[in-house]
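Listed here are the chains, written in short residue letters.
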Amino acid sequence: MKILEVKNLHTSFFTHMGEVQAVRGISFDVEKGDILGIVGESGSGKSVTSLSIMGLVDQPGKITEGSILFDGRELVNLSHHELSEIRGNDISMIFQDPMTSLNPVFRIGNQIKEILKTHTNMTKEEMNERAIELLKLVNIPEPETRIRQYPHQFSGGMRQRAMIAMAISCNPKLLIADEPTTALDVTIQAQIIDLLKSLKDKQDLSIMIITHDLGVIAEICNKVIVMYGGLVMEQGTVLDIFDHPEHPYTKGLHQSVPKNVTGEKKRLIPIDGTPPDLLEPPTGCPFYPRCQHAMEVCRQKQPPLYEIAKGHLAACWLHDQSAPEVEGYTKVKGEYHE
């Protein structure tokens, strides 16, 4: 069952320099119970996609085209009041930096209770009990004491847990986590990942994780979208993306990550060049200037999403029947249309 359907989403920012086309026509689904990862380097459109879903794209930003269906309900063009009822209740978000997302002058318990006050009819006693219960749920020790403390009295990992507690306070159906492990050490990252996995089962959650960390994607997600230049480059299961990558950009991401191979030293292979300028996005494939397999058609025309296997899609002209043979790329008959 699809809990979220994003179709041909375009989101732009209208600045004094011109239109920045941050998201340029992406489509994907989140099935009930899925953990979907969206990965890509900075500026690829990951966070703007999540903010578009939440209805949090502020001026000068605007969704210019497309559809976002949540549980069959169209979210695009809903009023502020209607979106406010959905946010927190049905869709919740963990923002990138818990230190700036938490209010430094309010106690943790009060910040949790403010959400409950907005979205429920609980009494003060019930809200207090619920706040303690939520801190227990995210494995914060001594929750009765911690709800009276301020964000600066929490460690980085505990602040992230507090943010997760706030996000799940009203039992949402979909949780969006924007870089949930950024700036945390490896041990704490693993704990946060384990916590999200546990909450998915306990709370019957569907989760979208926005990250640039392939390790996080491999550890927690079952489906993956690779974004670049505001577009989907490749999507599929974790096994598809990690064991059978079919886009030069996805392969480049793999090569730029350290591998832990005993007794073998390998130099990292960076992706040369820089991301495209989305004030003047390229006509063809946005990865064209950085791709070692680039052809003239790549410069002239944006490639369609070719279906490599069921659910495994890649936007690359190398999959076309007329393309030259290149090792590691599967040619397919026809193309995928959303």
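Note on numbering: residues in each chain are counted from 1, in written sequence order. Predicted model: local features are reported for residues with pLDDT of at least 70 only, side-chain atom pairs are reported and counted for 80 or more only, and whole-chain, interface and lining totals are derived from all residues. Heavy atoms throughout the structure, all of them, feed into the side-chain values; hydrogens and water do not.

### What about the environment of Gln 21?
Piece 1. Secondary structure is summarised from DSSP: a helix means a run of H or I of at least four residues, a strand means a run of E of at least two, and numbering begins at the N terminus for each. Secondary-structure assignment places Gln 21 in strand S2 (residues 18-31).
Piece 2. You can call Gln 21 partly exposed: its relative accessible area is 25%.
Piece 3. Two residues qualify as a contact provided that any one of their heavy atoms is within 4.5 Å of a heavy atom in the partner residue. When near neighbours in sequence (up to four residues on either side) are disregarded, Gln 21 contacts Thr 11, Ser 12, Leu 278 and Pro 281. A 1.4 Å probe rolled over the protein chains alone gives each residue an accessible area, and that area as a share of the maximum for its type sets the label: buried under 20%, exposed over 50%, partly exposed in between.

### Structural notes on helix H11 (residues 248-255)
Piece 1. Of all eight residues making up H11, six are buried, and the element is well covered by its neighbours.
Piece 2. Among the residues making up H11, those that are buried are Pro 248, Tyr 249, Thr 250, Gly 252, Leu 253 and His 254.
Piece 3. In the core, the buried residues of H11 are packed alongside helix H9 (214-220), strand S9 (223-228), strand S10 (231-237) and helix H10 (238-243).

### Structural notes on the pattern of salt bridges
Piece 1. We count a salt bridge whenever a side-chain nitrogen from Lys or Arg sits within 4 Å of a carboxyl oxygen from Asp or Glu. For the structure on display, the rule yields eleven salt bridges.
Piece 2. Between Lys 7 and Glu 5 there is a salt bridge whose closest N-O contact spans 3.9 Å.
Piece 3. Among the residues examined, Lys 7 registers a relative accessible area of 35% and is labelled partly exposed.
Piece 4. For Glu 5, a relative accessible area of 17% puts it in the buried group.
Piece 5. Close ionic contact of Lys 197 with Glu 219 constitutes a salt bridge, the shortest N to O distance being 3.5 Å. Separated by 22 residues along the polypeptide, Lys 197 in helix H8 (residues 186-203) and Glu 219 in helix H9 bring together distant segments of the chain.
Piece 6. The class for Lys 197 is partly exposed, based on a relative accessible area of 28%.

### A look at the packing of aromatic side chains
Piece 1. Any Phe, Tyr or Trp ring, taking Trp's six-membered ring, that has another such ring centre within 6.5 Å forms a pair; planes under 30 degrees apart are called stacked, those over 60 apart edge-to-face, and the others tilted. In this structure the tally under the stated criterion is four aromatic pairs.
Piece 2. On the numbers, 5.4 Å between centres and 90° between planes, the contact of Tyr 228 with Phe 287 is edge-to-face. Of this pair, Tyr 228 sits in strand S9 while Phe 287 sits in the loop between H11 and helix H12 (296-300), placing them 59 residues apart in sequence. In this structure, Tyr 228 and Phe 287 share a single accessibility class: buried.
Piece 3. Geometrically, a charge over a ring is one whose NZ (Lys) or CZ (Arg) sits within 6 Å of the ring centre while staying within 35 degrees of the ring normal. Against the face of Phe 154 rests Arg 146, its NZ or CZ located 5.4 Å from the ring centre.
Piece 4. Against the face of Tyr 329 rests Lys 251, its NZ or CZ located 4.7 Å from the ring centre.

### Some words on the pairing of S9
For a regular strand, the rule is simple: side chains alternate between the two faces of the sheet.
Piece 1. By the criterion of burial, S9 is predominantly enclosed, with five of the six residues buried.
Piece 2. Two strands pair when backbone bridges link them, and strand S3 (residues 35-39) and S9 are joined in this way by four bridges, in the parallel orientation. Bridge pairing links Leu 36 to Lys 223 in S9.
Piece 3. By the convention used here, strands pair only if DSSP detects at least 2 bridges between them. With six bridges connecting them, S9 and S10 associate as antiparallel partners. Of the residues in S10, the one forming a bridge with Val 224 is Gly 236.
Piece 4. In textbook terms, the turn of a hairpin is the stretch between consecutive antiparallel strands, and for S9 and S10 this stretch comprises two residues, one of which, Gly 229, has a positive phi near 60°.

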